[in-house]
Amino acid sequence: MDTKIIRIDEQHIDMALIEEAGEVIKAGGLVAFPTETVYGLGGDALNPLSSEKIYKAKGRPSDNPLIVHIADMECLEKIVREIPDSAYQLAEKFWPGPLTMILYKADIVPCETTGGLDTVAVRMPVHRVARELIRAAGGYVAAPSANRSGRPSPTVARYVTEDMDGRIDMIIDGGDVEIGLESTIVDLTSRQPTVLRPGYITRKMLNQVLSGVEEDVTLMRDDSGQAPKAPGMKYRHYAPKGELTVVSGESGRVIEYINARLYEQKQQNKKTGVIGTDGSVGKYHADVCKSVGNREDEAGIARELYRVLREFDDEEAEVIYAEAFDTAGIGQAIMNRLLKAAGYKVVYV
Ligand code: TXA
Ligand code: MG
């Protein structure tokens with residue numbers, strides 16, 4: 001299949017191109033597009049064949065449900081059985097934006113889209129290209145992140161092309177994304193609202209709107225003996241091809257520990273890498289050292305993390321060490337993704 005790549009600027013949207021892309025989705029095709037979090041791989045959420053195509057293009061297990069993207073509040077009523085007050089309250093505060101809500105699905109949403117579940121994940125993105133595309137496509141766009149299954153989510157169109165060229169109909173290049181990590185997922189079907197995936201909208205922010213927001217116990221550890229409530233969170237994700245270990249502790253000790261391990265790995269002729277920060281990156285003796293940014297600027301780190309993970313693949317690093325991050329604020333989302341990328345391999349020094 002030939003993949004058509006078009007460029008649409010969020011500030012000057014070419015509606016003719018949006019219409020063209022919308023028609024592709026309406027006809028059952030797939031279009032990758034920018035959102036404020038990461039690039040999505042969009043298909044018609046109400047067409048089971050489109051969802052099947054999405055799973056195939058990503059190489060994704062079909063028990064891992066898709067998020068349905070909408071652009072207008074009226075559309076929510078059509079795809080969920082009932083809208084609890086909590087959903088209206090969260091929508092009022094955080095939509096459009098990087099928040100996904102899990103609600104009971106209406107019959108119109110095919111099981112292929114929800115991975116066989118009775119619930120559906122819904123998000124209203126704020127990115128203008130995404131919103132116009134959703135409308136042009138008929139209002140309901142199923143979109144997982146536009147990466148091949150298991151790879152870091154794409155934050156620039158170049159990485160979408162790397163993973164999806166020849167597998168989908170169209171890619172809309174809308175430049176760099178703003179946030180860089182996927183949306184926060186909150187489940188509104190359990191007894192208490194529960195965060196299933198941390199993101200830019202933190203539990204603290206959710207708690208300012210609803211009280212008693214809980215957190216899936218599996219978010220930051222894999223020894224709870226429980227399966228994550230978001231099916232996708234059980235897979236090893238976001239992973240670079242090299243073996244990644246996260247090292248947590250006081251900065252000086254972390255640097256010392258990592259340098260000792262790097263020395264050992266080099267003795268074995270392994271190509272080594274380090275994911276550090278601006279203040280530390282010069283102190284490591286790895287073949288490839290990369291900074292994800294300044295520790296003071298967590299939003300910047302969130303934006304850079306996936307790009308840096310992908311760059312280690314380009315460098316063919318075999319063994320990689322990463323510094324750990326604080327888990328307050330968006331730091332929790334950063335650490336959640338880093339831990340998953342490392343298969344939860346963490347060393348405390
Ligand atoms: O920011 C985002 O959310 C991006 C952009 C493109 O909008 N999308 C995204 O989709 O991250 P995806 O498919 O890569 O991740 C969806 C996550 C998976 O972990 C999946 O298991 C979970 O949402 N999920 C979807 N439907 C669910 C449901 N009904 N119940 C529980 N978890 C669900
Ligand atoms: Mg994904």
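Source: prediction; values computed, not measured.

A. Summary view of the overall build of the protein. A count of helical and extended segments in the protein gives 11 helices and 16 strands. In terms of overall size, the protein behaves like a compact globule, its C-alpha atoms giving a radius of gyration of 20 Å where 349 residues would be expected to give roughly 20 Å. Projecting the C-alpha coordinates of the protein onto the three principal axes gives extents of approximately 60 × 50 × 35 Å. Per-residue burial for the protein yields a buried fraction of 57% across its 349 residues. Of all intrachain contacts in the protein linking residues separated by at least 6 positions in sequence, the fraction that spans at least 24 positions is 69%. Of the roughly 14500 Å² that the protein leaves accessible, carbon and sulfur atoms contribute 46%. Positive and negative side-chain charges in the protein, numbering 42 and 53 respectively, have mean positions lying 3 Å apart.

B. Seen up close, the site of ligand 1. Ligand 1 sits among 28 residues. The nearest are Thr37, Arg60, His69, Ser183 and Gly232. Taking Ser145, its side chain carries an N or O atom lying 3.0 Å from an oxygen atom of ligand 1. Contacts to ligand 1 include Arg197, whose side-chain N or O atom sits 2.9 Å from an oxygen atom. If ligand 1 stood free it would expose 690 Å²; the protein chains cover 98% of that surface. Secondary structure elements with two or more residues in the shell around ligand 1: β4 (67–69), β6 (119–123) and β10 (194–197). With four residues, the top contributor of residues to the shell around ligand 1 is β6. Of the residues contributing to the shell around ligand 1, the split by class is 15 nonpolar, eight polar and five charged.

C. Representation of the domain arrangement of the protein in the model. When the domains of the protein are assigned, the result is domain 1 (4–215) and domain 2 (243–348). Of the roughly 1600 Å² buried between domain 1 and domain 2, counting both surfaces, carbon and sulfur atoms make up 55%. The tally of links from domain 1 across to domain 2 stands at four salt bridges. When the shortest N-O distance is used, the salt bridge between Asp163 and Arg310 registers 2.9 Å. With three residues, the top contributor of residues to the side of domain 1 that touches domain 2 is helix α7 (residues 157–164). Taken together, the residues of the side of domain 1 that touches domain 2 sort by class into nine nonpolar, seven polar and seven charged.

D. Representation of the pattern of salt bridges in the model. Summed over all chains, the structure comprises 21 salt bridges. One salt bridge in this structure joins Arg123 and Glu36, with 2.8 Å as the shortest N-O distance. In this pair, Arg123 is assigned in strand β6 and Glu36 in the loop between β2 (31–33) and β3 (40–44), connecting sequence segments 87 residues apart. The same class applies to Arg123 as to Glu36, namely buried. Residues joined by salt bridges that share partners form a network here, namely Arg151, Glu162, Asp163, Arg310 and Asp313.

E. The sheet that holds β10, seen in detail. Spatial ordering of the open sheet is given by β1-β8-β2-β3-β7-β4-β6-β5-β9-β10-β11, a layout of 11 strands whose pairing is mixed. At either end of the open sheet lies a strand with only one pairing partner, and these are β1 (4–7) and β11 (214–215). Inspection of the sheet shows strand β5 (residues 99–104) paired to β6 by five bridges, in the antiparallel sense. From the neighbouring strand, Thr100 faces β6, where its bridge partner is Arg123. Those strands touched by helix α1 (residues 15–26) are β1, β2, β3, β7 (141–142) and β8 (170–173), and its axis lies near 145° from that of β8.

F. Representation of the pairing of β5. Across the six residues that make up β5, a large majority, five, are buried. Of the pairings in the sheet, the one linking β5 to strand β9 (residues 184–187) comprises four bridges and is parallel in character. Looking at the pairing, Ile102 lines up with Asp187 of β9.

G. Summary view of the packing of α7 against helix α10 (residues 298–314). The interhelical angle for the contact between α7 and α10, taken along N-to-C directions, is 45°, at an axis separation of 12 Å. When the axis of α7 is compared with that of α10, the two are oblique. Relative to α10, the crossing made by α7 is left-handed. Residues Tyr159, Glu162 and Asp163 of α7 pack against Arg307, Arg310 and Glu311 of α10.

H. Looking closely at the sheet that holds strand β15 (residues 319–323). Across the sheet, five strands lie side by side as β14-β13-β15-β12-β16; this open sheet has parallel pairing. One side of each edge strand has no neighbouring strand; the edge strands of this open sheet are β14 (288–291) and β16 (346–348). Taken pair by pair, the neighbouring strands of this sheet meet at an average axis angle of 20°, ignoring direction. Pairing between strand β12 (residues 243–248) and β15: five bridges, direction parallel. Note that in β15 the partner of Val247 across the bridge is Glu323.

I. Local environment of the side chain of Gln265. The topology assignment puts Gln265 in helix α9 (residues 251–267). Residue contacts for Gln265: discarding those within four places in its chain leaves Lys270, Thr272, Val319 and Tyr321.

Each value, and the rule that gives it
- Residues numbered from 1 in each chain as written.
- Chains lettered and ligands numbered in written order.
- Predicted model: local features only at pLDDT ≥ 70, side-chain atom pairs only at ≥ 80, totals over all residues.
- Heavy atoms only, no water.
- Helix = DSSP H or I, 4+ residues; strand = E, 2+ residues; numbered from the N terminus.
- Rg over C-alpha atoms; globule rule 2.2 N^0.38 Å.
- Buried < 20%, exposed > 50% of the residue type's maximum accessible area, 1.4 Å probe, protein only.
- Contact = heavy atoms within 4.5 Å.
- Areas by Shrake-Rupley, 256 points an atom, 1.4 Å probe, with all protein chains shown as cover.
- Lys, Arg positive; Asp, Glu negative; His and termini not counted.
- Charge placed at Lys NZ, Arg CZ, Asp CG, Glu CD.
- Near = heavy atom within 4 Å.
- Polar contact = N/O pair within 3.5 Å; in protein donor to acceptor, adjacent residues only side chain to side chain.
- Nonpolar A, V, L, I, M, F, W, Y, C, P; charged D, E, K, R; others polar.
- Domains from an automatic or database assignment.
- Buried area = accessible area lost by both parts, 1.4 Å probe.
- Salt bridge = Lys/Arg side-chain N within 4 Å of Asp/Glu carboxyl O.
- Pairing = 2+ DSSP bridges.
- Axes fitted to C-alpha atoms, helices over the stretch in contact; angles between N-to-C directions.
- Parallel < 35°, antiparallel > 145°, perpendicular 65-115°, else oblique.
- Left-handed = near helix turned anticlockwise from the far one by under 90°.

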